[in-house]
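# Chains, contacts and geometry: an overview
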Amino acid sequence: MINEHIKLKWLRKGRDSRIFALFFILTFAERFNDSRTKNLFMTNIGIRPEGATLEYLGLKHVSTAYWNMTPAELVEETILLSQGTLTNTGALAIDTGEFTGRSPKDKFIVKDASTENSVWWSQFNIPFDSDKFTRLYERMCAYLNGREVYVRDAYVCADPRYRMNVRVVTEFPWSNMFASNMFLRPTAEELTTMTPEWHVICAPEFMAVPEIDGTRQHNFAIIDFTKKMAIIGGTGYTGEIKKGIFTVLNYVLPHEKNVLSMHCSANVGKDGDTAVFFGLSGTGKTTLSSDPNRRLIGDDEHGWTDTTVFNFEGGCYAKTIDLSREKEPQIYDAIKFGALLENIGFEDDGVTPDYADSAKTENTRVSYPLEHIDNTMDPSVGGIPKNIFFLTCDAFGVLPPISKLSKEQAMYQFISGYTAKVAGTEAGITEPTTTFSACFGAPFLPLHPTAYAEMLGKKIDESGAQVWLINTGWSGGSYGVGSRMKLSFTRAMITAALEGKLNDVEYTTHEVFGLAMPTACAEVPAEILNPRNTWADKDAYDAKANELAEKFVTNFEKFKDYASEALLSASPKV
């Protein structure tokens with residue numbers, strides 16, 4: 001007979017006449033033992049594929065497991081549970097609760113025989129005992145037993161050679177919707193035979209007990225590379241799911257597959273030329289890679305193989321603070337049914353998002369499938385890069401708006417991962433603050449940063465890619481005195497680089513940082529190309545340039561023992 005679970009789900013969800021047609025077809029398939037048709041229809045109405053179970057995960061007694069529900073069903077579940085609001089554009093808005101961002105001090109990696117000598121143990125990769133992981137997971141399973149859970153079968157890596165299947169089990173329907181948005185989505189037929197390689201278990205309301213579990217506090221995100229499992233508890237922030245799998249790929253792909261994993265956006269021109277954009281938050285990575293004349297591969301996570309650059313993900317996770325159609329038309333228009341908004345405020349009607357509202361957090365977010373963006377690559381794979389852009393928002397007004405890097409300079413800047421944060425970007429910041437994040441993504445790097453930098457250097461040699469440093473920050477003085485570089489100028493410089501129009505112009509060398517600065521660029525005033533020219537007080541510029549150079553040198557001290565003489569020669573001269 002038809003599974004009682006299916007009948008229960010039909011009773012809960014079957015509010016239109018198509019349910020009778022589905023019932024008839026499924027009964028027909030069952031009677032004639034047509035398991036393939038049965039599985040396809042079960043999948044299409046959000047039911048688990050035949051034979052799938054959670055018992056092997058220790059989840060033997062959950063009250064109900066909902067498998068691969070559609071976005072519409074997950075939205076309905078969320079609203080029925082009073083956990084979200086449908087906005088005036090059709091997007092689902094939820095609050096993630098206590099945590100509105102990642103908690104880096106509560107991210108752990110299990111230290112065992114497979115990771116002891118390969119992981120870069122640091123403030124970002126905190127060791128966790130294997131036996132404690134097992135006991136904590138068992139307590140997590142005991143918490144979930146008797147509760148409803150939502151199961152998502154997905155995969156990451158758009159290049160089929162590196163596809164990794166992931167099963168995500170979540171306590172909340174909206175967490176499952178996030179996984180559906182952000183990971184790549186199998187076809188209905190693929191779901192019937194899919195075997196997961198990695199698992200993510202996410203229970204926001206399960207609290208760890210530090211004295212028992214060995215965590216720092218009640219929230220945690222722990223990765224076990226031997227068990228191929230990530231467990232997340234005590235936090236509803238969905239980004240922990242995304243970045244947990246990103247951390248996994250940052251270990252597996254370079255360490256085991258000889259693929260450079262990158263925290264970057266990527267796009268492709270009309271002639272098929274690929275460009276990648278590295279940059280920390282606030283540098284313009286998403287904005288500058290969104291170009292109506294180029295097709296988007298992805299906005300955040302990619303791999304670079306011998307022949308391709310491929311997206312890890314199937315969606316985008318963008319900041320929405322101060323969002324407007326004028327500033328970010330593609331993102332703004334992508335916030336429709338199927339998108340998931342996090343921690344936003346509302347206008348008085350209670351359904352219209354107020355993107356200027358930062359009462360809950362500056363880190364308001366939206367996730368949506370790549371299909372919500374026009375002009376995307378399908379599949380999200382491009383060729384090897386012709387141009388690489390390192391984006392920095394230099395609030396000190398020292399770095400050139402565009403400069404050409406040698407391979408050694410590229411590796412040095414890559415390991416440094418510099419930008420500056422200014423007042424308003426984070427709580428407590430009242431003046432420009434230097435930020436160095438190795439490889440533009442230190443919190444997600446299980447290997448030592450030099451491992452990624454060495455791979456980048458080899459890729460540059462093999463591909464002949466040109467690397468550019470782009471300063472989207474200040475010109476004519478530091479923050480508070482000068483002004484931020486006009487977006488139109490930055491776009492013009494990037495376009496010139498992409499089109500090869502900077503190949504034959506004259507260059508001068510920055511005296512402190514040794515960067516090659518073009519003396520001319522179409523649609524850009526020549527006087528701003530050398531930042532020293534834009535300062536009224538040249539001595540003040542020289543002093544500030546030396547001050548910033550000293551910060552670079554100090555930051556790089558921790559990498560000196562791993563760096564070659566050629567790499568060290570790319571250091572700024574104080």
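Computed from a prediction, not measured in an experiment: that's the story for all the values here.

One pass over the full model with this rule turns up 23 salt bridges. One salt bridge connects Asp 106 with Arg 216, and the closest N-O pair in it is separated by 2.9 Å. Here Asp 106 is found in the loop between β3 (92–94) and β4 (107–110), whereas its partner Arg 216 is found in the loop between α8 (210–213) and β9 (220–224), with 110 residues between them in sequence. On the basis of relative accessibility, which here comes to 45%, the residue Arg 216 falls in the partly exposed class.

Here five strands make up an open sheet; going across it, the order is β2-β3-β17-β20-β16 and the pairing mixed. Single-partner strands in this sheet number two, and they are β2 (85–86) and β16 (315–319). Relative to β3, β2 is paired through two bridges, and the arrangement is antiparallel. Bridge pairing in β3 places Thr 85 opposite Ala 93. Along the sheet face, helix α4 (residues 71–80) touches β2 and β3 and points at about 45° away from the line of β3.

In a packed pair of helices, the relevant descriptors are the angle between the two axes and the axis-to-axis distance. Two elements in contact, helix α6 (residues 173–182) and helix α9 (residues 239–257), have axes separated by 9 Å at closest approach and are oriented at 45°. With respect to α9, the element α6 is oriented oblique. The way α6 lies across α9 gives a crossing that is right-handed. Together, Ser 175, Phe 178 and Met 182 of α6 and Gly 239, Ile 241 and Lys 242 of α9 make up the contact between the two elements. Looking at the contact of α6 with α9 residue by residue, the classes come out as three nonpolar, two polar and one charged.

Turning our eyes to something else, we now look at the confidence of the model for the protein chain. The share of residues in the protein chain with pLDDT of 70 or more is 90%, and the mean pLDDT across the chain is 91. Low confidence marks residues 1–11, where pLDDT is under 50. Its contacts with residues over four positions away, or in another chain, come to 28 contacts. Segment residues 13–26 is flagged for pLDDT under 50; beyond a separation of four residues in sequence, or across chains, it makes 22 contacts in the model.

Let us now look at the environment of Pro 400. Counting through the fold element by element, Pro 400 comes out in the loop between β22 (385–392) and β23 (402–405). For the pair Pro 400 and Met 517, spaced 117 residues apart in sequence, the C-alpha separation works out to 6.9 Å.

Turning to the nonpolar core, a few remarks are in order. Counting residues in hydrophobic clusters, the biggest one holds 112 residues, and the most contacted among them are Phe 183, Phe 278, Ile 388, Phe 390, Phe 414 and Phe 513. If one sorts the elements of this core by residue count, α9 sits on top with eight residues. Apart from residues no more than four positions distant in its own chain, Ile 388 is found in contact with Val 276, Phe 278, Trp 304, Leu 456, Ile 460, Ala 465, Gln 466, Val 467 and Trp 468. Val 110, Tyr 137, Cys 141 and Phe 220 belong to the second largest nonpolar core, which has 28 residues in total.

At their nearest, the axes of helix α12 (residues 407–416) and helix α15 (residues 538–556) sit 10 Å apart, and the two run at 80° to each other. In terms of orientation, α12 lies roughly perpendicular with respect to α15. In contact with Tyr 412, Gln 413, Ile 415 and Ser 416 of α12, α15 contributes Phe 552, Val 553, Asn 555 and Phe 556. Of the residues assigned to the contact of α12 with α15, the class counts are five nonpolar, three polar and no charged.

With respect to the helices, strands and loops of the structure, Asn 471 is situated in strand β26 (residues 466–471). In this structure Asn 471 comes out as buried when scored by relative accessible area, which is 1%. Within the local environment of Asn 471, its side chain forms a polar contact with the backbone oxygen of Leu 399, the two atoms lying 2.9 Å apart. Of the polar contacts made by the side chain of Asn 471, one reaches the backbone nitrogen of Gly 473; its length is 2.7 Å. Beyond its immediate chain neighbours, meaning those up to four positions away, Asn 471 contacts Thr 392, Cys 393, Asp 394, Leu 399, Pro 400, Pro 401 and Met 485.

Together, Ile 79, Leu 86 and Phe 337 give the surface a local cluster of nonpolar side chains, amounting to about 240 Å² of exposed area. Among the structural elements, Leu 86 can be located in strand β2. On the basis of relative accessibility, which here comes to 36%, the residue Leu 86 falls in the partly exposed class.

Backbone torsion omega between Asp 378 and Pro 379 reads 0°, so that peptide bond is classified as cis. Within the secondary structure, Pro 379 is located in the loop between β20 (365–369) and β21 (381–382). Phi is positive for Asn 68, which is not a glycine, with a value near 50°. For Asn 68, the position within the fold is in the loop between β1 (64–67) and α4. Given the relative accessible area of 4%, Asn 68 is considered buried. Non-glycine residue Asn 258 carries a positive phi angle of around 60°. Note that Asn 258 resides in the loop between α9 and β11 (260–268). Exposure remark for Asn 258: the relative accessible area of 56% places this residue in the exposed category.

So, about the side chain of His 199. Along the polypeptide, His 199 turns up in strand β8 (residues 198–203). In terms of polar contacts, His 199 uses its side chain to reach the side chain of Tyr 56, at 2.6 Å. Every residue in contact with His 199, bar those within four places of it in the chain, is listed here: Tyr 56, Leu 57, Arg 167, Lys 228, Met 229 and Ala 230.

With that out of the way, let us pick up the environment of Asn 343. Mapped onto the secondary structure, Asn 343 falls in the loop between β17 (340–342) and β18 (345–346). For Asn 343, a relative accessible area of 3% translates into the label buried. Separated by 22 residues in sequence, Asn 343 and Arg 365 have C-alpha atoms that sit 7.2 Å apart. If sequence neighbours within four positions are ignored, Asn 343 has contacts with Ile 94, Asp 95, Thr 96, Gly 97, Thr 100, Lys 360, Thr 361 and Thr 364. Polar side-chain contacts of Asn 343 include one of 2.9 Å to the backbone nitrogen of Thr 96.

Rules used throughout
Residues numbered from 1 in each chain as written. Predicted model: local features only at pLDDT ≥ 70, side-chain atom pairs only at ≥ 80, totals over all residues. Heavy atoms only, no water. Salt bridge = Lys/Arg side-chain N within 4 Å of Asp/Glu carboxyl O. Helix = DSSP H or I, 4+ residues; strand = E, 2+ residues; numbered from the N terminus. Buried < 20%, exposed > 50% of the residue type's maximum accessible area, 1.4 Å probe, protein only. Pairing = 2+ DSSP bridges. Contact = heavy atoms within 4.5 Å. Axes fitted to C-alpha atoms, helices over the stretch in contact; angles between N-to-C directions. Parallel < 35°, antiparallel > 145°, perpendicular 65-115°, else oblique. Left-handed = near helix turned anticlockwise from the far one by under 90°. Nonpolar A, V, L, I, M, F, W, Y, C, P; charged D, E, K, R; others polar. pLDDT = per-residue confidence, 0-100. Core = buried A, V, L, I, M, F, W, Y, C linked by side-chain atoms within 4.5 Å. Polar contact = N/O pair within 3.5 Å; in protein donor to acceptor, adjacent residues only side chain to side chain. Patch = residues over 30% accessible without salt bridge, like charges linked within 9 Å, V, L, I, M, F, W, Y side chains within 5 Å. Areas by Shrake-Rupley, 256 points an atom, 1.4 Å probe, with all protein chains shown as cover.

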